[in-house]
Structures are given as C-alpha cells and as structure tokens.
Amino acid sequence: MLVNMKDLLSDAQKRNYAVGSFSVANMEMVLGVIKAAEETRSPIILQIAEVRLNHSPLALIGPLMVAAAEAADVPVAVHLDHGKTLCCIEQALDIGFTSVMFDGSHLPVEENIAVTKDVALLAREYGAAVEAEIGCVGGSEDGSEDIAINCTSPEQAKRFAAETKVDALAIAIGNAHGNYKEEPHLRFDILEKVHELVSVPLVLHGGTGISEKDFIRCHQSGIKKINIATATFDSVERSVRESYEGGRIHGYYDLHQAEIDGAYKNAKRHMGVFYSVQKSDDINLF
Ligand code: 13P
C-alpha cells in the first residue's frame with residue numbers, strides 16, 4: 001500500500017521505533033526490500049537519490065517504485081532522497097512519490113530555509129511530505145564529493161523546523177554517507193538536545209556502518225527515519241559474488257535471484273534493529 005511518509009513517521013513517534021528508508025537502484029533491490037518488509041510486517045520507505053538517477057533514470061525507476069509500493073501488503077512510502085533541483089523534485093511528485101527531500105545543507109541557512117519553504121509549498125499541492133537537512137552530513141550519497149561533517153546546531157534546528165514546517169528533519173551528529181573509514185562516534189549530546197527542542201521526526205543519514213547499539217539509541221532519542229544505501233549495494237554485490245564463487249549461478253535468473261536475496265537479507269537485518277518488525281498491521285494511517 002502506497003502511503004504518505006508523514007503518516008509512517010508519526011506512527012514511529014507514537015510507538016517508538018524507526019522506519020528504514022532503503023535506497024534502491026533496480027527492480028531486484030525493490031523486490032528484495034519489499035519481500036523483507038512483507039515477511040517481517042514492517043512499514044518501510046523506498047528511496048532513490050537525485051545523484052543516482054544517471055544510473056537509474058527517474059522516469060523508469062520512479063513508476064516501478066510507486067507500483068511496487070501500491071502492490072505491497074505493508075505500508076510503503078516512496079521518497080526522493082537528496083533532491084537538489086526543483087525540476088527533479090517536481091518530476092518525482094508527478095510520478096507519485098509521497099515524499100521528497102530538498103537538500104540545502106550546503107547553502108547558507110537563510111537560503112536553505114527559503115528554498116525548503118518553496119519545496120514544501122510545492123509538495124503540499126501533491127499531498128506529499130517534505131524532508132530537509134540542517135547542518136551537514138559527511139560525504140555524499142554517491143561518494144562523488146568528500147563533504148566535511150558539520151554537526152547540527154540544536155538552536156538552528158529549532159528555528160529551521162519552526163520556519164519551514166518540514167515533516168522530517170535530517171541532522172548531522174557525526175554521521176556520514178558511505179563506508180566509514182573509522183568507527184563513527186555519534187554525538188548523542190547533540191541528538192538529545194535537538195530532540196528536546198524539536199518535535200518533528202528526525203532523520204539519520206549514513207546508516208551503513210553504524211552499530212546496532214547506536215541505531216537503537218538513535219531511535220529511542222527522536223530518530224524516526226534511518227537511511228540505508230551503501231549496505232544494500234554491498235550486500236547485493238556480495239550475494240552475487242558469493243553465488244558465483246559457490247557455483248550457484250547457472251544463468252541470468254540465478255543472478256537475478258542472488259540480487260534479490262542480497263537486498264532482502266540486508267533490509268531484514270536492519271528492520272529488526274530499527275524495531276519496525278510487526279508494526280505494519282496495526283499502524284494508524286490517519
Ligand atoms: P549510507 O550509504 O551510508 O547507508 O547512507 C545512506 C543515506 O544516507 C542516503 O541518503
């Protein structure tokens with residue numbers, strides 16, 4: 001069932017868990033993530049970032065993501081991750097995405113607020129939810145830029161949330177996209193302060209490589225959406241490689257199945273840690 005992301009995050013706030021937001025790049029990943037969600041009865045978000053659209057064009061993968069969400073028997077929101085241009089955000093909304101992110105984290109705060117407000121106005125016309133980012137998560141979604149971490153100022157987060165009225169707010173607490181070069185040390189002091197000052201559901205980007213213990217502490221302290229990208233791609237690649245090495249691939253459809261299995265295993269593991277298991281059936285969808 002295709003749902004608005006805002007509804008999923010409100011339920012996660014009420015029942016104290018986080019919704020996994022899984023990046024996908026092809027049909028096999030979509031099938032694997034949805035299979036894990038249906039099996040564990042977890043609400044989920046399927047997402048793709050604007051920088052990935054050179055590999056997976058939005059006009060092709062977008063309708064596939066929406067159709068898969070509609071056909072799923074658990075609630076699924078479909079989200080544009082790290083939207084950078086208004087035309088891409090508008091295209092995602094036209095295709096039926098139920099949530100879009102505007103990433104103005106690299107802009108001066110006044111400009112980030114101004115453009116986020118414009119995006120929010122546009123998204124509301126479609127009945128879609130909006131995510132924005134304050135502070136700066138490290139790295140970049142596709143690893144093409146080495147962006148330094150700039151931890152969120154709790155006071156600025158409070159002002160940003162009040163002025164933009166976004167439905168989800170991504171914050172920077174020492175997290176970064178891609179595989180961490182060394183063990184991440186998340187700034188729980190900042191997270192707790194933001195959680196105290198801001199009532200909007202918070203988003204943790206850069207989920208790959210964060211420990212189970214830290215994930216749990218995050219979703220018990222206001223993080224209600226957790227983004228996972230690299231771990232999915234790595235799990236799919238590993239599953240394919242091990243299947244070849246184990247002599248289990250004898251043709252294209254074995255390869256197809258190995259990709260689905262890789263996405264499925266990774267998503268299922270995360271759903272357990274996020275406490276989203278068994279939350280789909282009695283979810284309150286307003
Ligand atoms: P990872 O690639 O580190 O899992 O980050 C995902 C993400 O935050 C996408 O926006």
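Above this text sits the structure in question.
Side note on the pairing of strand β1 (residues 19-23)
Turning to step 1, where the next piece is worked out: Burial within β1 is extensive, with five of its five residues counted as buried.
Turning to step 2, where the next piece is worked out: Burial of the side chains of β1 extends over both faces: Val 19, Ser 21 and Ser 23 are buried on one face and Gly 20 and Phe 22 on the other.
Turning to step 3, where the next piece is worked out: Summarising the sheet, β1 and strand β8 (residues 223-228) pair through four bridges and their orientation is parallel. From the neighbouring strand, Gly 20 faces β8, where its bridge partner is Ile 226.
Turning to step 4, where the next piece is worked out: Alignment of β1 against strand β2 (residues 44-49), held across four bridges, turns out to be parallel. Looking across to β2, one finds that Ser 23 is bridged to Gln 47.
Turning to step 5, where the next piece is worked out: The handedness of the β1 to β2 crossover, carried by helix α2 (residues 27-40), is right-handed.

Thoughts on the environment of Asp 94
Turning to step 1, where the next piece is worked out: Relative to the helices and strands, Asp 94 resides in helix α4 (residues 86-95).
Turning to step 2, where the next piece is worked out: Taking the relative accessible area as the measure of exposure, Asp 94 reaches 55% and is therefore exposed.
Turning to step 3, where the next piece is worked out: For the pair Asp 94 and Arg 159, spaced 65 residues apart in sequence, the C-alpha to C-alpha distance is 30 Å.

What to know about the site of the ligand
Turning to step 1, where the next piece is worked out: Looking at the ligand, there are 15 residues lining it, with Asp 81, Gly 206, Thr 208, Ala 229 and Thr 230 nearest.
Turning to step 2, where the next piece is worked out: Within the contact set of the ligand, an oxygen atom lies 2.9 Å away from a backbone nitrogen or oxygen of Gly 178.
Turning to step 3, where the next piece is worked out: Here an oxygen atom of the ligand and a backbone polar atom of Gly 206 are 2.7 Å apart.
Turning to step 4, where the next piece is worked out: Surface burial for the ligand is 100%, taken as the share of its 310 Å² of free accessible area covered by protein chains.
Turning to step 5, where the next piece is worked out: Partitioned by chemical class, the residues of the shell around the ligand number three nonpolar, ten polar and two charged.

What to know about the packing of helix α8 (residues 212-219) against helix α10 (residues 252-274)
Any two packed helices are characterised by how steeply their axes cross, that is the angle between the axes, and by the distance between the axes.
Turning to step 1, where the next piece is worked out: Interhelical geometry of α8 versus α10 gives an angle of 50 degrees and a closest axis separation of 9 Å. In terms of orientation, α8 lies oblique with respect to α10. Within the contact between the two elements, α8 uses Glu 212, Phe 215, Ile 216 and His 219 and α10 uses Arg 269, His 270, Val 273 and Phe 274.
Turning to step 2, where the next piece is worked out: Considered class by class, the residues forming the contact of α8 with α10 number four nonpolar, two polar and two charged.

Things to note about a positive patch on the surface
Turning to step 1, where the next piece is worked out: Together, Arg 238, Arg 248, Lys 265 and Arg 269 make up a region of like positive charge exposed at the surface.
Turning to step 2, where the next piece is worked out: Checked against the element boundaries, Lys 265 lands in helix α10.

Focus on the pattern of salt bridges
Turning to step 1, where the next piece is worked out: Overall, the coordinates contain 17 salt bridges when judged by the stated rule.
Turning to step 2, where the next piece is worked out: Between Asp 73 and Arg 41 there is a salt bridge, and its shortest N-O distance comes to 3.2 Å. Of this pair, Asp 73 sits in the loop between α3 (58-71) and β3 (76-83) while Arg 41 sits in the loop between α2 and β2, placing them 32 residues apart in sequence.
Turning to step 3, where the next piece is worked out: Judged by relative accessible area, Arg 41 falls into the buried class, the value being 17%.
Turning to step 4, where the next piece is worked out: Taken together, the shared-partner salt bridges connect Lys 6, Arg 124 and Asp 167 into one network.

Some remarks on α10
Turning to step 1, where the next piece is worked out: With 23 residues, α10 extends 34 Å from end C-alpha to end C-alpha; this agrees with the ideal 33 Å at 1.5 Å per step.
Turning to step 2, where the next piece is worked out: Positive phi appears at Tyr 275, one or two residues downstream of α10, with a value of about 65 degrees.

Structural notes on the side chain of Lys 225
Turning to step 1, where the next piece is worked out: The residue Lys 225 is located in strand β8 in this model.
Turning to step 2, where the next piece is worked out: Engagement of the side chain of Lys 225 in a polar contact is seen with the side chain of Glu 131, the distance being 2.7 Å.
Turning to step 3, where the next piece is worked out: Ignoring sequence-local partners within four residues, the contact set of Lys 225 consists of Met 5, Leu 9, Val 19, Ser 21, Ile 45, Gln 47, His 79, Glu 131, Leu 202, Val 203 and Leu 204.

Here we look at the packing of aromatic side chains
Think of a pair of aromatic rings as described by two things: how far the centres are apart, and how the planes are tilted against each other in angle.
Turning to step 1, where the next piece is worked out: Tallying each qualifying case throughout the model produces two aromatic pairs.
Turning to step 2, where the next piece is worked out: Measuring from centroid to centroid gives 5.1 Å for Phe 215 and Phe 274, while their planes differ by 80 degrees, and the two rings are edge-to-face. Here Phe 215, found in helix α8, pairs with Phe 274, found in helix α10; they are 59 residues apart in sequence, far enough to count as distant.
Turning to step 3, where the next piece is worked out: With centroids separated by 4.8 Å and ring planes inclined at 80 degrees, the aromatic side chains of Tyr 252 and Tyr 253 adopt a geometry described as edge-to-face.
Turning to step 4, where the next piece is worked out: Judged by relative accessible area, which is 46%, Tyr 252 ranks as partly exposed.

Conventions we followed
Residues numbered from 1 in each chain as written. Predicted model: local features only at pLDDT ≥ 70, side-chain atom pairs only at ≥ 80, totals over all residues. Heavy atoms only, no water. Buried < 20%, exposed > 50% of the residue type's maximum accessible area, 1.4 Å probe, protein only. Helix = DSSP H or I, 4+ residues; strand = E, 2+ residues; numbered from the N terminus. Pairing = 2+ DSSP bridges. Right-handed = clockwise from strand over helix to strand, strands pointing away. Near = heavy atom within 4 Å. Polar contact = N/O pair within 3.5 Å; in protein donor to acceptor, adjacent residues only side chain to side chain. Areas by Shrake-Rupley, 256 points an atom, 1.4 Å probe, with all protein chains shown as cover. Nonpolar A, V, L, I, M, F, W, Y, C, P; charged D, E, K, R; others polar. Axes fitted to C-alpha atoms, helices over the stretch in contact; angles between N-to-C directions. Parallel < 35°, antiparallel > 145°, perpendicular 65-115°, else oblique. Contact = heavy atoms within 4.5 Å. Patch = residues over 30% accessible without salt bridge, like charges linked within 9 Å, V, L, I, M, F, W, Y side chains within 5 Å. Salt bridge = Lys/Arg side-chain N within 4 Å of Asp/Glu carboxyl O. Lys, Arg positive; Asp, Glu negative; His and termini not counted. Charge placed at Lys NZ, Arg CZ, Asp CG, Glu CD. Expected span 1.5 Å × (residues − 1). Phe/Tyr/Trp six-rings, centres within 6.5 Å; stacked < 30°, edge-to-face > 60°.

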